[in-house]
Structures are given as structure tokens and as C-alpha cells.
Amino acid sequence: MEHAFLASRKHEAQLPFLYDEIIFEILSWLPVKSLLQSRAVCKSWKSLISDPSFIKLHLQRSLKYANIIVKSKLYDDKYVFAQPCTVASLFEKPSTTVISAESAYRVNSSKYRFAGSCNGLVCLIGSIYSGDRVKQIRVRFWNPATRLRSTKSPVICVHLTTLFVFGFGYDNLTNTYKVVVVLCNEKSTQVKVCSMGDGCWRTIQSLPIVPIPRLNYGVHFNGTLNWLALSNSDTCKQLAIVSLDLGKETASQSLLPCPSDEISVSQPSLSLGVLRDGLCLSYDYKGTHFVVWKTMESEVLSWIQLLKVSYQDLRIGFKLHASQLLPLRLYENGDILITLRYSGKLQAIMYNYKDNRVDRPKIYSSIEWIYDLDYLESLISPI
């Protein structure tokens, strides 16, 4: 009898601990909006939701809430609005309901542009003219899910003739979010890095080849930032990929998988991006086909040609030089989400390369562009 009583008391003593574990587990699967509301339930829930270990676990489980970010003009031509939305909304809802000014983030279009998205954080980078042929480069960090953004920004002052490319990503070694700006002029190239929360820029080792200024959005993949670049050879001008390891802050370069005569720097559809578990390269092939290459899962960077589809099969009948195609998402069933931009309008295309099936829904005149494949909701603070 005494043994049973003691066992019962021991079980009761464990209940609060088990209860906390169960609450922790349940809350970690909720979307951010529900978690923000749940903070008002009690002090212990508020403390739990703010705990770094909880925020980390929630981020790992946010894959099911993956969104994309769209940029649109609403009501005021002086500003653009950006907000996350689901892929399904591009196919199921009319353009007037994809974006609402109430839930969107307003960005001054003349000052800021997107530098990338990582783990639920979005980096905005902009150049502001300050007179005497000088412009200031500023950075803002924004979490669309929590609607928080940084207010302070370290500044780089450069000459008006200086071109710059940028990128934003996560350094796994130091658990730090970094924004990188590559400054290019006729005389030199500089690479500057700013970690989120720091008040200054650091100069690091320059890149072996210079990224193409027109394609100024660095692609974040597995702790690296990647740009399309031109080799330094004056006779060849061969395209390549230049990569910056955010942990070691060292750079490397690799050749493209396709023959150099297949692509041109000036073509609108030339793009470097990420599809599921690898980098992808997309471009127009001789005005007749859209081609997508993708890296395989391996330590050595190896490529396969994932897609070579004719514009006829995509049901694209206008001249391609006035448009831009971009692969955004790859699904296990063979579907590829492709965005098509032309004449100031945007359309989402779902193409299945296994059965040559295409779905082209409404044209969105209000959406200017789509950014950041697999934007994830998170509780990570940008402040």
C-alpha cells in the first residue's frame, strides 16, 4: 500500500513537467499569427513563446507554412507594398485579394529593394542620394510575420558612379544573419559585410570575379551567397558563378553547366536561384525554349538539365525579349512554378515536365514581382 501511495505521489509530481512539455510541443506547430495571440493567455506562455529554443524549434517546423513574397503597387504610386502570400492564392484568388494594404508592408520604391529572405527575415537595402555626387547605402531588416523591423542602419557612402550588388543570408557557424554589398567601379571592387545587430560594415577579401550588376540579387544557399559573374578574361568573357562562404568569409568560383554560347548576359530570363535542395540556372535558348539546370545533392557541385521546354508548350506566344521567366518552386510530382513578367504585368505558370501539362491562371496587373521562394514564417526578431 505504501509503495503504491509513493508511486502515485511521484506521478503527480511529474504532471506539471509533462504538461509543460505537451504545451511546448503543441505550440511549436502553430503559425506565427496564432502564437502572437497566444502570448496573451498567460505569463508562462508568453515566456515560452519568447524562449530562443522554442523559436528555433518553431522555425524548423515552419516549412509547412512556406510562402512567397509579392511586391505590388496599391493606391499610391509613390510606394510599393510587400507581403507574404501562399502559392495557392496566385491560382485561386483574383488579383484584388492577393494583396491588401492592411496586411502589407509599405516600402518606399525609390529607396529600398529586396536583398533576400532567410529564416523568416527579409533584408531591404536602398541607396539614398545625399548630394555632392554621393549616395548612402542603408539596410533594414524586417519580419513580415511579426510586423517588426529594424530602425537603425549602418551607412556606406559611395560615389554615384559606383555600382553595387548585394545578398542576405545566414551564417551557421556564428548563428548570425549577414548582409553583403559588393561595390564595383572602374578602379576596384570592395566587399563589405554587416551582421544584423552590428552598427558598422567590415571590409573582407574581394571576390575573384565581379558579379553582373544587372543581376544584383545574391542567392542564399547552404550558408553561401551566389551570384552570376563574368570572368576577368578580356578575350573570353565567360559566365561563371561566384560564391561567398558566409562563415569563413572566403570566395570561390565555378563554371556554368551549359555551353557558354547558349546564353547571353543581356537576355531577360537569365537567372540564378534555388529550387528545393539545389541551386538552379535558367535562361532562354535561341528564342524557342526555356531551360532550367539544377545542382544535385552531393559535396561536389554537379548539375543536371531539369527542364527544356518550348514556349509553344508553355503557351507563350509573344516575343520573349519583352518578357522574363523565373522558376520559383519545384514539387515532387514534377510541377514547376514559373513566373512570367511582361509589359508591367505578372502571371504564374504551373508546368509539369513529366506529362507536359500547363496551368496558366489569371494575369496580375497589380503585382510587380515575386520575391523569395520559400519565405518561412518565424518569430526571429530583426531588432
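The structure contained in this document is the topic of the report that follows. Source: prediction; values computed, not measured.

Cut-offs applied
Residues numbered from 1 in each chain as written. Predicted model: local features only at pLDDT ≥ 70, side-chain atom pairs only at ≥ 80, totals over all residues. Heavy atoms only, no water. Helix = DSSP H or I, 4+ residues; strand = E, 2+ residues; numbered from the N terminus. Buried < 20%, exposed > 50% of the residue type's maximum accessible area, 1.4 Å probe, protein only. Contact = heavy atoms within 4.5 Å. Polar contact = N/O pair within 3.5 Å; in protein donor to acceptor, adjacent residues only side chain to side chain. Phe/Tyr/Trp six-rings, centres within 6.5 Å; stacked < 30°, edge-to-face > 60°.

1. A look at the environment of Gly 223
On the secondary structure map, Gly 223 appears in the loop between strand 14 (219–221) and strand 15 (224–230). Judged by its relative accessible area of 11%, Gly 223 is buried. Sequence spacing of Gly 223 and Gly 247 is 24 residues, and the spatial spacing of their C-alpha atoms is 7.1 Å. Apart from residues lying up to four places away in sequence, Gly 223 is in contact with Tyr 170, Asn 172, Leu 244, Asp 245, Leu 246 and Gly 247.

2. Focus on the environment of Ser 378
Within the fold, Ser 378 resides in the segment after strand 27 (367–375). A C-alpha to C-alpha distance of 6.6 Å links Ser 378 and Asn 119, two positions 259 residues apart in sequence. If we skip the residues at most four places from it in the chain, Ser 378 touches Val 32, His 58, Leu 59, Asn 119, Gly 120, Asn 143, Ala 145 and Thr 146. For Ser 378, the side chain forms a polar contact with the main-chain nitrogen of Ile 380, separated by 3.3 Å.

3. As for the packing of aromatic side chains
Under the counting rule described, the total for this entry stands at 5 aromatic pairs. Summarising the aromatic geometry, the rings of Phe 141 and Phe 168 are spaced 5.7 Å apart at their centres and angled 45° between planes, so their arrangement reads as tilted. In this pair, Phe 141 sits in strand 6 (residues 134–143) while Phe 168 sits in strand 9 (residues 163–171), placing the two residues 27 residues apart along the sequence. Accessibility classification places Phe 141 together with Phe 168 in one group, the buried group. Residues Tyr 170 and Tyr 177 carry aromatic rings whose centres are separated by 4.7 Å and whose planes lie at 40° to one another, so their mutual orientation is tilted. Judged by relative accessible area, which is 7%, Tyr 177 ranks as buried. Members of the aromatic cluster, each reached through a chain of ring pairs, are Phe 141, Phe 168, Tyr 170 and Tyr 177.

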